[in-house]
Amino acid sequence: MNKTILVTGGAGYIGSHTVVELIQADYKVVVVDNLYNSSIGAIQAISGIVGQKVIFYEADCADKKILHKIMTKHSPDAVIHFAGYKAVAESVVKPLLYYRNNLDSTISLLEVMREHNCTQLVFSSSATVYLDAKEVKYNEATTKTNRPFSPYGTTKLVQEYILEDTVHGEQFDNLSGLQVVSLRYFNPIGAHSSGDLGEDPNGIPNNLAPYITQVAVGRLEQLQIFGDNYNTPDGTCLRDYIHVVDLAKGHLSGLEYLFKQSGKFFDAINLGTGKPASVFDVLHSFVKAVGRKIPYKVVSRRDGDLPEFYADPSKAEAVLSFVTKLDLDKMTADSWNWQSKHPNGFN
Ligand code: NAD
Ligand code: UFG
């Protein structure tokens, strides 16, 4: 019998692409999303792509009563938990909003999973959990505590701690134990190849790719490049951009890995390409995709940006047999295809 997967945050950018892949791989999918940062248009777009109605509940996954009803009705075999707030800068201004939503949703979800004998979870984590304390003699002022740059980043690290502690605790022991795979994403960009599903951020985008496509489509005037004087080959920051469809497929590999586990199990795995690209690399690739110049100016560095980070993807290959297939030009071509077909996103 086909397994049923509950997908929280399944109307969002990464969740919606994952729902398409799950349905196309014959999983039965139930989506729960409160549409805080997404729209019903994404659910309609998924239905159009897969040619069937998507089971969707507009609900908050911190609402245990509703979650309980949904789990009673559908008895999911596993959960993929995307739901959460993700805007780094907003989290600095509204930390309580981020701690409340991101932590509450995960704790409530775990409690309801336990009630329903559902013991397998794939979690959306982030490269932001990596820290770089190098010294051994600890100093209060100079040694970094175990703390990411933003409240958002802290919620991701704390959610990993909550999950790992719950795996090792005894509250799931009457069942088979809890099994969790935490997937640490690098920088997802791109869109579904149909051009009907893509990233549709609320307000002015914070991230590079949607900012560029909104400039290219005429919604924004020009890209601001945050610093070209880093110690990198072209002076701009290096990141590991991963096609959202590759990333979505990584979740199916994550699920298959989870299904092989029993007892108490926690594992954290990077999902990235391992190939760093600079801001100029991304911009030049978009220029090729769009076929004309994209206006930009170099401005000062953005607070909190690290010059360079990218994934070591070897664990994903070893344990998930997962390797990315789509390159930067495909990512930018698909982002542009989506944005040019839908200049105003899902609206
Ligand atoms: P997104 O905002 O597009 O999707 C998240 C979805 O969760 C949205 O549809 C939102 O409405 C929903 N949601 C939020 N809180 C909810 C709640 N309490 N109950 C129900 N639904 C809720 O973001 P995304 O880019 O698709 O990211 C998905 C996950 O991956 C997030 O947890 C995010 O932190 C993580 N992540 C994203 C990135 C990235 O660059 N996009 C990188 C690393 C990790
Ligand atoms: N950038 C610009 N101009 C823009 C936007 C971004 O020059 O308008 C640059 C940034 O300075 C950075 C690069 O483009 O060098 C990528 O920036 P993004 O904002 O797209 O992505 P980040 O690497 O800053 O952040 C991403 C996710 C976060 C996550 C972090 C670490 O958005 O959620 O990776 O995993 F915390």
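Residues numbered from 1 in each chain as written. Chains lettered and ligands numbered in written order. Predicted model: local features only at pLDDT ≥ 70, side-chain atom pairs only at ≥ 80, totals over all residues. Heavy atoms only, no water.

## Considering the overall build of the protein chain
Secondary structure summary: the protein chain contains eleven helices and 13 strands in total. Its C-alpha atoms give the protein chain principal-axis dimensions of roughly 60 × 60 × 40 Å. Relative to its 347 residues, the protein chain shows a buried fraction of 54%. Counting only contacts in the protein chain whose residues sit at least 6 apart along the sequence, the fraction spanning at least 24 positions is 81%. When the accessible surface of the protein chain is split by element, carbon and sulfur atoms take 50% of a total near 16300 Å². (Helix = DSSP H or I, 4+ residues; strand = E, 2+ residues; numbered from the N terminus. Buried < 20%, exposed > 50% of the residue type's maximum accessible area, 1.4 Å probe, protein only. Contact = heavy atoms within 4.5 Å. Areas by Shrake-Rupley, 256 points an atom, 1.4 Å probe, with all protein chains shown as cover.)

## A few points about the site of ligand 1
For ligand 1, the set of nearby residues contains 28 residues, the closest of which are I14, D33, N37, S38 and Y152. One of the backbone nitrogen or oxygen atoms of C61 is found 3.0 Å away from a nitrogen atom of ligand 1. K156 places a polar side-chain atom, nitrogen or oxygen, 2.8 Å from an oxygen atom of ligand 1. For the shell around ligand 1, the secondary structure elements donating two or more residues are α1 (13-24), β5 (120-126) and α6 (151-168). If one sorts the elements of the shell around ligand 1 by residue count, β5 sits on top with three residues. (Near = heavy atom within 4 Å. Polar contact = N/O pair within 3.5 Å; in protein donor to acceptor, adjacent residues only side chain to side chain.)

## Overview of the site of ligand 2
In the vicinity of ligand 2, 21 residues are found, and the nearest of them are N207, Q224, R239, R302 and D305. Within the contact set of ligand 2, a nitrogen atom lies 2.7 Å away from a backbone nitrogen or oxygen of Q224. A distance of 2.7 Å separates an oxygen atom of ligand 2 from a polar side-chain atom of R239. Protein coverage of the free-state accessible area of ligand 2, which is 690 Å², stands at 89%. Those elements giving two or more residues to the shell around ligand 2 turn out to be α7 (208-216) and β8 (223-226). Broken down by element, the shell around ligand 2 gets its largest block of residues, four residues, from β8. Residues belonging to the shell around ligand 2 are distributed by class as follows: twelve nonpolar, six polar and three charged. (Nonpolar A, V, L, I, M, F, W, Y, C, P; charged D, E, K, R; others polar.)

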